[in-house]
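Read off the chains here:
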Amino acid sequence: MNLRNPKIPFWNKKKVIITGHTGFKGSWLSYWLLQMGANIYGISLEPITSPNLFEELKLQQKINHHVTDITNQSLLEKLISDIQPDIIFHMAAQPLVIESYLEPLKTWETNVMGTFNLLNSLKFIKNKCVCICITTDKVYRNNDRENYFKETDPLGGHDPYSSSKAAAEIAIESFRSSFCGNSNFQKNNLLIASVRSGNVIGGGDWSDNRIIPDLIRSIISEKIITIRNPDSVRPWQHVLDPLSSYLKLAEKLFENNINLASSFNFGPNLDSNKKVLDLVHKAEEFWPVSWKIIESKQDFHEARFLGLNTDKAKDLINWEPRWDFDESVKRTFLWYKNYYLFSSETEKYCKEDLEHFLKS
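Each chain carries its own residue numbering, running from 1 in the direction its sequence is written. Given that the model is predicted, a residue must reach a pLDDT of at least 70 before its local features are reported, and side-chain atom pairs must reach 80 or more before they are shown or counted; all residues, however, enter totals for whole chains, interfaces and linings. Excluded from the side-chain calculations are hydrogens and water; all other atoms, namely the structure's heavy atoms, are used.

J.: Hey, could you run me through helix α6 (residues 104-121) in this one?
T.: Residues three or four positions apart in an α-helix share a direction because the helix packs 3.6 residues into each turn. Counted at 1.5 Å a residue, the expected span for α6 with its 18 residues is 26 Å, and the 25 Å between its end C-alpha atoms agrees. Where α6 bends most, at Met-113, the angle is about 30°. Each residue gets one of three labels from its accessible area relative to the maximum for its type: buried under 20%, exposed over 50%, partly exposed in between, using a 1.4 Å probe on protein chains only. Under the DSSP-based scheme used, a helix requires at least four consecutive residues in state H or I and a strand at least two consecutive residues in state E, with every element numbered from the N terminus. All buried positions along α6 are accounted for by Thr-107, Thr-110, Asn-111, Val-112, Gly-114, Thr-115, Asn-117, Leu-118, Leu-119, Asn-120 and Ser-121. Here the expected span of a helix is defined as 1.5 Å times the quantity of residues minus one. What is called the bend at a residue is the angle between a pair of axes, fitted to the seven residues leading up to and ending at it and to the seven starting from it.

Laid out in C-alpha cells, this is it:
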C-alpha cells in the first residue's frame, strides 16, 4: 500500500459534497471519489462547454446531481441541511481572469458571496464536517519579483478574479475564527481549510481562454493559435496532484488535527515553474503538429510570474507533488491525442491516468 495515496476505507460511504462538480477539476474529483466508494452530492450549474468531462464520464447517472447556483442562499442552506455531509470540497467559482474583466460583478458575487453562502450553510450541519475551500495561487499581492509565495504573505489581487479569490480567503479565515470553536456563537464540529494550487492541466478540460484547451483546439482545427503572454511563468501541475492534496488534507482534518484548519499552498516543485512558451514547446514533443505562435496584445493586466512555496504542506501533512513538468504535459497531451485520434473512451483514459498516478 502506498501511504501517500488516499485511504480507500476512509472514503467508502462518506457523504461528500462537491460544489462545482460539473467543472474540469470537479469532474476529476468526482470520478476519483467514486472509485473509493464515496456517496457524492454535486452542487453546481450545468456544464458550460461541449464536450465536457462531466458528461463524457456520465457522472450525472452516478452521483446525486443538483443544479444549483451557490449565490442562491436559501436553496444552498436547504441542500446542505438535508444532506448533512461529512466532507465538503468547495470548487464552484467563476475561474477565468479574462471573464472577470467582462463580468466583474458576477465574478465577485460567485467567488465571494457564493463562498460565504456556503460557509454560513455549515451552521446547519450537526455531525463532524470538514470543509476544503479551493481558491487559487493568484490570491497573493503580486509584484512580479519572482517570489514563491508562502501562506503568510499578504493577500491581494489586481484583476477582478484574483481580488475576488483573495476576498474569499479573508471571508474563510473570518468565518473560521468567528464560528468554529468552543466559545459562544461557535460550533466545534466544523474544520475548515483553504487551499491554493497552481495552474492545473490534464485531460478533459475544454474551457475557453485556457492554454491547454486552446492548444488542442488549434491542433484539431489546424488553425493559428494566439498565445497571450508567452513569457509569463506559471506553476504547472497535473490535475491529479492538487486533488491528491485536497483528499489528504481532508483525511487529516477529519482525524481532529485542528491545527491544520488553515490555508495551504499545493503547488508543483520549483522546476515546474515554466514559461507559457516552454509549455507549448514541450507539448510539441508529444503531439508533433505544427502551428504558428502569435503574441497577443491585451489591455488587461495579468501577473508575469506566479510561484508557490509548499514547505508547509510538506512539513505538516507530508504531501509532495508526484509528477514533474514533463510528465504532467506528457500525460495531458497523450490523453487528448488518444481521445481525438483513436476513440473517445474518456473513462478509459481517466482510469489509466489515475492508476499511473497512484503507482508513481
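J.: Just to check I follow, could you spell out the packing of aromatic side chains for this structure?
T.: Here the distance between the centres and the angle between the planes together describe a pair of aromatic rings. Each Phe, Tyr or Trp ring (for Trp, its six-membered ring) is paired with any other whose centre lies within 6.5 Å, and the angle between the two planes then decides the class: stacked below 30 degrees, edge-to-face above 60, tilted in between. Going through the model one piece at a time under the given rule, you end up with 19 aromatic pairs. Between Tyr-148 and Phe-305, the aromatic rings sit 5.5 Å apart at their centres with planes inclined by 90°, giving edge-to-face as the arrangement. Within this pair, whereas Tyr-148 is found in the loop between β5 (129-134) and α7 (160-179), its partner Phe-305 is found in the loop between β12 (293-295) and α11 (311-317), the two being separated by 157 residues in sequence. For Tyr-148, a relative accessible area of 31% puts it in the partly exposed group. Three or more aromatic residues joined by ring pairs make a cluster, and in this case those are Trp-206, Trp-335, Tyr-336, Tyr-339, Tyr-340 and Tyr-349.

J.: Just checking my understanding: could you explain the packing of helix α9 (residues 240-254) against helix α13 (residues 346-359) for this structure?
T.: Packed helices, taken two at a time, are described by the angle their axes make and the gap between the axes. Lines are fitted to the C-alpha atoms to define the axes, a helix being fitted only along its stretch in contact, and any angle between axes, read from their N-to-C directions, falls within 0 to 180 degrees. Look at α9 against α13: their axes get within 11 Å of each other, and the N-to-C directions meet at 65°. For the pair α9 and α13, the crossing hand works out as right-handed. Packed against α9, whose contacting residues are Leu-240, Asp-241 and Ser-244, the element α13 presents Asp-353, Leu-354 and Phe-357 at the interface. All residues other than Ala, Val, Leu, Ile, Met, Phe, Trp, Tyr, Cys, Pro, Asp, Glu, Lys and Arg, Gly among them, are scored as polar; the first ten of these are nonpolar and the last four charged. Taken together, the residues of the contact of α9 with α13 sort by class into 3 nonpolar, 1 polar and 2 charged. Crossing handedness is read from the near helix: turned anticlockwise from the far helix by less than a right angle, it gives a left-handed crossing, and turned clockwise, a right-handed one. Note on definitions: a residue-residue contact is assigned when non-hydrogen atoms from the two residues lie within 4.5 Å.

J.: Looking at this structure, I do not really get helix α4 (residues 73-83). What am I missing?
T.: Every buried residue of α4 is accounted for by Leu-76, Glu-77, Leu-79, Ile-80 and Ile-83. Along α4, the residues classed as buried sweep out an arc of 165° about the axis, all on the same side. In this structure, α4 carries Ser-74, Lys-78 and Asp-82 as exposed residues pointing more than 90 degrees from its buried face. Residues of α4 that are buried make contact with β1 (15-19), β2 (39-44), β3 (64-67) and α6. It is the directions from the helix axis to the C-beta atoms whose arc is reported.

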